[in-house]
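# Architecture and fold: a report
Listed here are the chains, written in short residue letters.
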Amino acid sequence: MKAADFDYLRPSSLAEALTCLSQNVGVAQPLAGGQSLMPMMNFRVATPEVLIDLADIPDLRGVTELDGMLRIGAMTTYRDLTRITDRVPLLGLALPHIAHDAIRNRGTIGGSVALADPAAEMPALLLALGGVIELAGPDGQREVAADDFFQGYYATDRAEDELIVAIRLAVAKPGDSFGFYELTQRHGDYALAGVAIAHAPDLRIAFFGISDRPIRLPELEAALTAGTDPGPALDQIEFEGDLKASAATRRHYARVVLDRALAGMTS
């Protein structure tokens with residue numbers, strides 16, 4: 001199939017992009033990397049009337065560091081993230097598992113965070129790392145903690161007239177440790193179940209691929225910190241089943257990926 005007809009806009013500044021978006025609220029879709037959006041448009045799962053290409057906006061690119069925090073522009077690609085894995089080791093553990101080289105060359109962190117696919121790695125990485133999402137809209141800029149940003153299937157706290165402009169992540173410190181593990185049918189597929197772990201210095205654990213959003217359970221983190229059985233905490237998750245795996249299977253997978261990620265923790 002082919003995408004339905006649409007108007008194509010290519011703003012050259014953030015201000016221009018926000019104007020384009022505000023003038024087409026409800027019918028426009030920002031185009032970040034397009035690695036998910038374009039197939040969805042071709043299958044007519046997504047049918048925006050206006051496509052706003054963000055590729056020419058320099059304010060949405062680049063990485064800066066200040067006071068122990070990295071600010072990463074929303075149009076930064078997965079490939080570009082490989083340059084900062086020494087600063088954020090959890091990214092280094094996860095990046096080889098995200099899709100394939102061609103997609104990592106074009107896919108952007110802002111696009112993944114905005115889409116909020118519950119089986120994608122990036123939203124869970126932000127949750128495990130205690131990341132912050134910066135947004136810009138007609139009323140100015142605001143920031144939202146990753147804990148509050150992801151709200152359900154492809155649902156986030158971003159308003160229709162807002163754009164994600166950057167994410168912020170803490171630089172790892174000596175003594176911090178990290179773990180990552182996912183189960184897929186084939187390498188590069190979306191996860192049937194996965195987990196990202198940051199012990200920096202508090203323990204934060206984020207599951208993905210098992211429910212309608214990335215899941216963090218403070219009760220689970222407390223149980224592991226205390227050395228008690230994490231099973232009762234896992235029972236609080238509303239596991240989702242589909243044609244690939246039942247809810248019961250995903251519950252089993254969640255324990256498997258958790259155990260393997262914990263066993264492979266590295267600094």
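On a predicted model such as this, the values are computed, not experimentally measured, just so you know.

Rules used in this analysis
Residues numbered from 1 in each chain as written. Predicted model: local features only at pLDDT ≥ 70, side-chain atom pairs only at ≥ 80, totals over all residues. Heavy atoms only, no water. Buried < 20%, exposed > 50% of the residue type's maximum accessible area, 1.4 Å probe, protein only. Helix = DSSP H or I, 4+ residues; strand = E, 2+ residues; numbered from the N terminus. Pairing = 2+ DSSP bridges. Axes fitted to C-alpha atoms, helices over the stretch in contact; angles between N-to-C directions. Salt bridge = Lys/Arg side-chain N within 4 Å of Asp/Glu carboxyl O. Polar contact = N/O pair within 3.5 Å; in protein donor to acceptor, adjacent residues only side chain to side chain. Contact = heavy atoms within 4.5 Å. Arc of directions from axis to C-beta.

Before going further, it helps to spend a moment on the pairing of strand β13 (residues 203–208). Among the 6 residues that make up β13, 6 are buried, leaving the element largely enclosed by the rest of the structure. Burial of β13 is two-sided: the residues Leu 203, Ile 205 and Phe 207 facing one way and the residues Arg 204, Ala 206 and Phe 208 facing the other way are all buried. Across 6 bridges, strand β12 (residues 193–199) lies against β13 in antiparallel orientation. Bridge pairing in β13 links His 199 to Leu 203. Hairpin connection from β12 to β13: 3 residues lie between these consecutive antiparallel strands.

Next up on the list: the sheet that holds strand β6 (residues 132–137). Sheet architecture is open: 5 strands sit in the order β4-β5-β10-β6-β7, paired in antiparallel fashion. This sheet does not close on itself; its edge strands, each paired only once, are β4 (63–66) and β7 (140–145). When the angles between neighbouring strand axes are averaged without regard to direction, this sheet yields 25°. Relative to strand β10 (residues 163–170), β6 is paired through 5 bridges, and the arrangement is antiparallel. Bridge pairing links Glu 134 to Ala 166 in β10.

Summed over all chains, the structure comprises 20 salt bridges. Taking the shortest distance from any N to any O, the salt bridge between Arg 10 and Asp 56 comes out at 2.7 Å. One end of the pair, Arg 10, is in the loop between β1 (7–9) and α1 (14–22); the other, Asp 56, is in the loop between β3 (50–53) and β4, with 46 residues separating them in the sequence. Note on Asp 56: relative accessible area 38%, which makes it partly exposed. In this structure, Asp 259 engages Arg 255 in a salt bridge whose closest nitrogen and oxygen atoms are separated by 3.3 Å. With Asp 259 and Arg 255 both in helix α11 (residues 247–263) and 4 residues apart, the pair spans about one turn of that helix.

Time to look at the side chain of Asp 53. Examined against the element boundaries, Asp 53 turns out to sit in strand β3. At 3.0 Å, the side chain of Asp 53 forms a polar contact with the backbone nitrogen of Ala 55. Beyond its immediate stretch of four places on either side in the chain, Asp 53 contacts Tyr 8, Leu 9, Arg 10, Pro 11 and Leu 31.

Those residues of helix α9 (residues 218–226) that sit buried are Leu 220, Glu 221 and Ala 223. For α9, the angular spread of the buried residues around the axis is 160°, confining them to a single face. Residues Thr 225 and Ala 226 are exposed on α9 and point more than 90 degrees away from its buried face. Contact partners of the buried residues in α9: β13, β14 (215–216), α10 (231–234) and α11. Directly after α9, the chain includes Gly 227, whose backbone phi takes a positive value near 80°.

Attention shifts here to the environment of Glu 219. Within the secondary structure, Glu 219 sits in helix α9. When its relative accessible area of 41% is taken as the criterion, Glu 219 is described as partly exposed. As a C-alpha pair, Glu 219 and Pro 232 span 13 residues in sequence and 8.9 Å in three-dimensional space. Those residues in contact with Glu 219, other than ones at most four positions away along the chain, are Ala 233 and Gln 236.

This paragraph deals with the side chain of Glu 162. As for its position among the elements, Glu 162 is in the loop between β9 (155–156) and β10. Residue class for Glu 162 comes out buried when judged on its relative accessible area of 7%. Polar contacts involving the side chain of Glu 162 include one to the main-chain amide nitrogen of Ala 159, which spans 2.9 Å. Apart from residues no more than four positions distant in its own chain, Glu 162 is found in contact with Leu 21, Leu 135, Ala 136, Gly 137, Arg 142 and Asp 157.

This next bit is on the sheet that holds β3. Strand order in the open sheet formed by 3 strands is β1-β3-β2, with parallel pairing between adjacent strands. At either end of the open sheet lies a strand with only one pairing partner, and these are β1 and β2 (28–31). The average angle at which neighbouring strand axes cross in this sheet is 25°, direction not considered. Bridge analysis of β1 against β3 gives 3 bridges, and the strand direction is parallel. Pairing of Asp 7 across the sheet is with Val 50, part of β3.

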